[in-house]
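Residues per chain are reported as follows:
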Amino acid sequence: MKRSSFIHMILVSGMLMFSGCLKDLDTLPLDPNVSTSNVAFDNEAAYLQVLAKLYAGFAVSGQQGPAGQADISGIDEGFGQYLRGYWYHQELTTDEAVIGWNDQTIKDFHNQTWTASDGFIYAFYSRVFYQVAACNEYLRQTTDEKLDQRNVSGDLRTQIKRYRAEARFLRALSYWHALDLFRSVPFATEADPVGSFVAQQSNAQDLFTFIEDELKAIDADLAAPRTNVYGRADQAAAWTLLSKLYLNAEVYTGQKKYGESLQFAEKVLNAGYQMEPVYGHLFMADNNKSKEIIFPVNFDGVQTRTWGGMTFIIRAGIGGSMNPALSGVSGGWGGSRTTRQLIEKFPADLTGIVSAFNVGKNYPKVYIPGSFQSTPFNGSDTKNTLASAKSNKIYEGYRYFPADNGEFVILRNPSSTLSGKLGDNGGDGTLETGGANIKVAEKGLYYIKVDLNNNTYQAVKQEWSITGSAIPGSANTDIDLKWDADLGYLVARLDLGTGSFIFRANKSNTLTLGDTGPDGILEAAGSPLQITKSGGYEIRLDLTRPDYTYELRLTSFDKRGFFHTAGQKLDIEDLTLFTDGYAVNKFKNVTSTGVRGKDSDFPDTDFPMFRLADVYLMASEAVLRSGGDKNKALEYFNKVRERAFTGTAGNFAASDLNLDVILDERARELYWECHRRTDLIRFGQFTDGTYKWQWKGGVKEGATVAAYRNIFPIPSADINANPNLTQNAGY
């Protein structure tokens, strides 16, 4: 279903009216080209096409993208789109996102000052119940009685049984969103009459039980994990939703169901999904190829166009000095950023550099143009030198010759004509002015020493390696350093443990280099280099400088922080300025191979509503909350960390794992994926807890707010339209 078109259909006949916000769904359309549910299913293809419309309800806002023929009247299709509305509620209300626009009451979300008349709350509430109504009507039209009337049989009837299970899952998902955000809401199913029926208000316990029972009832009819068409729900999607429902049960109903949450999370963990090797690939235009995503909201730049969804998430997050083309879009909207508090959950140094090159001092030099240069024998190139560290006319250094039979000459001064060059006519190590080019037989790295006191030289091939206790296995193991032509250094990439190592030539202790000090300058027989943190490293050795130097790069560092900082301030002084607050550049309309999506205005990138890393963290949390095996909780937790650090360098010990650590890890792993508000509430930190972030409560330093804001109000428009509804406390 990733790239399929959705049927041009408005489900108008017989849809259940929940409130005054939905257009009249009991009237036939005036447009004869638009089908209604009382005739649409005469076409057997409609069963799958209308199911596609139910899925599309999370991605688009009407029948004609990006706008036109809206599903719901009286609401702007951009901010009335389902995912955009959900993102507003789950992200803008937290430490993960602010927005700089002055659209109506949008700033009230981050300030946590919304009211029951808020238009954005009204829009998302309407979208949720439009989805529920659409699913109810689909289920009415696919009963056994209806199928008998239409003489539906055989394979199609078997397929419809699965379609119905998927429709029930989609309805349960929207009802879960309603439960999580609003708690007590109007409730109806396909069993309720249409027309003049006015929905009764459910309570949190009853709605919780309905969602729970539905997801369990459809289990046998859903496709097995990873066997359904991409983008359609399978058993693992239902298990994930059940795990989430149970994980938050204490918030919703006061009943602890962490054991049940763990049970269904572990079913997902054993279902064949796999962690995406590269974190960033989960949020790119070809993320439909990922084996980690359990349930996505599908988008396509040609077939699924909207001003909400991923169009909004990507483009609203681009502004200031950011280049929109790098994110695969034509322009940014300069809206969404994040707070200092999210940034501070990531390591301050995102480069991974543990010890940087030391450029050293300036020494007397001679120049050595040769065949190894990109322009051979370029005598005006001043980068290829030998240095005299003691200023005694003895010059030393290294050069790499990429091919056999390499050649070079010596110049006292740069010269494009090689004027005054020193060479070797007899090949005996003696230098003569104007002599023949000096030759080396084999490709490789050569130590070159020139003594102008007696006009002699030597060129000796050397191979370098590292050895020491930091290398896993035997302390006598040598790890070879390889020449990296692009970098111009010797490089090794490997995992290191705590301990030390030295550089040595030709796997012999006759010539070793260490760092006495340490200051980044290598000395012969110097002190071993110390590794205090285990993990993946890239070791760079530069012997081409006058002072030999090195760089250690920790490749195992948290790579999940996709933040744009150039031209941005960390602190938010003015919410209206895009440059106040770091920008988030997590989602992109570019594939993992660097190809832009099909359209520069509307992304191909899918939204990963459920994915495996989230389930690992839920399982870890459920174990801790239920008093289970802490080692098992640690195993699940570190599974996520190991992908983030590309190794075990970021792993926690059991003694350090607690619920606060899990909350912060969920922020690092899942930011901008519509989990944060629910998480903060579950951990008691959304409203009146001790955790504050900038502009929470409308105060720059952050302030607590009343606990009733843990849930949103029922929109005033629905309270006025439905006499059965009672407003949530505090509103």
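Scroll up to find the structure this text is about.
Below or above, wherever it landed, is the structure these notes cover. A quick note: this is a predicted structure, and the numbers were derived from the prediction, not measured. (Residues numbered from 1 in each chain as written. Predicted model: local features only at pLDDT ≥ 70, side-chain atom pairs only at ≥ 80, totals over all residues. Heavy atoms only, no water.)

Brief notes about the overall build of the chain
At step 1: In terms of regular secondary structure, the chain is built from 18 helices and 28 strands.
At step 2: C-alpha atoms of the chain, sized along the principal axes, occupy 110 × 55 × 50 Å.
At step 3: Residue burial in the chain is summarised as follows: out of 731 residues, 58% are buried.
At step 4: Treating the 74 positive side-chain charges of the chain as one cloud and the 85 negative ones as another, the clouds have centres 3 Å apart. (Helix = DSSP H or I, 4+ residues; strand = E, 2+ residues; numbered from the N terminus. Buried < 20%, exposed > 50% of the residue type's maximum accessible area, 1.4 Å probe, protein only. Lys, Arg positive; Asp, Glu negative; His and termini not counted. Charge placed at Lys NZ, Arg CZ, Asp CG, Glu CD.)

Thoughts on the packing of helix 7 (residues 154-182) against helix 8 (residues 204-217)
At step 1: Look at helix 7 against helix 8: their axes get within 10 Å of each other, and the N-to-C directions meet at 155 degrees. One finds that helix 7 runs roughly antiparallel with respect to helix 8. Crossing of helix 7 against helix 8: the hand is left-handed. Every residue of helix 8 that contacts helix 7 at R168, F169, R171, A172, Y175, W176 and L179 is listed here: A204, L207, F208, F210, I211, E214, L215 and A217.
At step 2: The class makeup of the residues in the contact of helix 7 with helix 8 is 12 nonpolar, no polar and three charged. (Axes fitted to C-alpha atoms, helices over the stretch in contact; angles between N-to-C directions. Parallel < 35°, antiparallel > 145°, perpendicular 65-115°, else oblique. Left-handed = near helix turned anticlockwise from the far one by under 90°. Contact = heavy atoms within 4.5 Å. Nonpolar A, V, L, I, M, F, W, Y, C, P; charged D, E, K, R; others polar.)

Some thoughts on helix 16 (residues 659-670)
At step 1: The end-to-end C-alpha separation of helix 16 is 16 Å, in line with the 16 Å expected for 12 residues at 1.5 Å each.
At step 2: Burial of helix 16 is extensive: nine of the 12 residues sit out of reach of the surface.
At step 3: For helix 16, the secondary structure elements touched by its buried residues are helix 9 (235-247), helix 13 (340-343), strand 28 (607-611), helix 14 (612-625), helix 15 (630-645) and helix 17 (676-682).
At step 4: Where helix 16 begins, one side-chain oxygen reaches toward the backbone nitrogen of D660, 3.0 Å away; that side chain belongs to N658. (Expected span 1.5 Å × (residues − 1). Polar contact = N/O pair within 3.5 Å; in protein donor to acceptor, adjacent residues only side chain to side chain.)

Some thoughts on the nonpolar core
At step 1: Counting 145 residues, the largest nonpolar core has Y88, F169, I211, F295 and F607 as the members making the most contacts within it.
At step 2: With near-sequence residues (within four places) excluded, F607 lies in contact with L83, F295, P296, V297, F299, M310, I313, F587, W672, E673 and C674.
At step 3: Ranked by size, the runner-up nonpolar core spans 27 residues in total, among them I466, A492, L529 and Y550. (Core = buried A, V, L, I, M, F, W, Y, C linked by side-chain atoms within 4.5 Å.)

Some words on the packing of aromatic side chains
At step 1: As enumerated under the stated definition, the model contains 51 aromatic pairs in all.
At step 2: Arranged with centres 6.1 Å apart and planes meeting at 50 degrees, the rings of Y616 and Y636 form a pair that is tilted. Of the two residues, Y616 sits in helix 14 while Y636 sits in helix 15, which places them 20 residues apart along the sequence.
At step 3: Residue Y616 is classed as buried on the basis of its relative accessible area of 12%.
At step 4: One residue, K267, lies across the ring of W239, its end atom 4.4 Å from the ring centre.
At step 5: Here the guanidinium or amino end of R625 rests over the ring plane of F683, the centre of that ring lying 4.6 Å away. (Phe/Tyr/Trp six-rings, centres within 6.5 Å; stacked < 30°, edge-to-face > 60°. Lys NZ or Arg CZ within 6 Å of the ring centre and 35° of its normal.)

Some thoughts on the sheet that holds strand 18 (residues 482-484)
Two modes of strand pairing occur in sheets, parallel and antiparallel, and in both the strands are linked by backbone hydrogen bonds.
At step 1: With antiparallel pairing, five strands are arranged side by side in an open sheet as 6-25-24-19-18. Where the open sheet ends on each side, the last strands, each with one partner, are strand 6 (353-355) and strand 18. Sheet twist, expressed as the average angle between the axes of neighbouring strands with direction ignored, equals 35 degrees.
At step 2: Here strand 6 pairs with strand 25 (residues 549-554) via two bridges, running antiparallel. (Pairing = 2+ DSSP bridges.)

Regarding the pairing of strand 25
At step 1: Among the six residues in strand 25, five count as buried, and that is most of the element.
At step 2: Pairing of strand 24 (residues 535-542) with strand 25, which is carried by six bridges, proceeds in the antiparallel orientation. Across the sheet, the residue bridging to L541 is Y550, located in strand 25.
At step 3: Counted along the chain from strand 24 to the antiparallel partner strand 25, the turn is six residues long.

Re the packing of helix 11 (residues 258-269) against helix 14
At step 1: Where helix 11 meets helix 14, the axes come as close as 9 Å, and the angle between the chain directions of the two elements is 145 degrees. Judged by the sense of rotation from one axis to the other, the crossing of helix 11 with helix 14 is left-handed. Only L612, V615, Y616, A619, A622, V623 and R625 of helix 14 make contact with helix 11, whose side of the interface consists of Y258, S261, L262, A265, V268 and L269.
At step 2: Its residues assigned to classes, the contact of helix 11 with helix 14 shows 11 nonpolar, one polar and one charged.

Distances and angles like these do not, on their own, reveal function.
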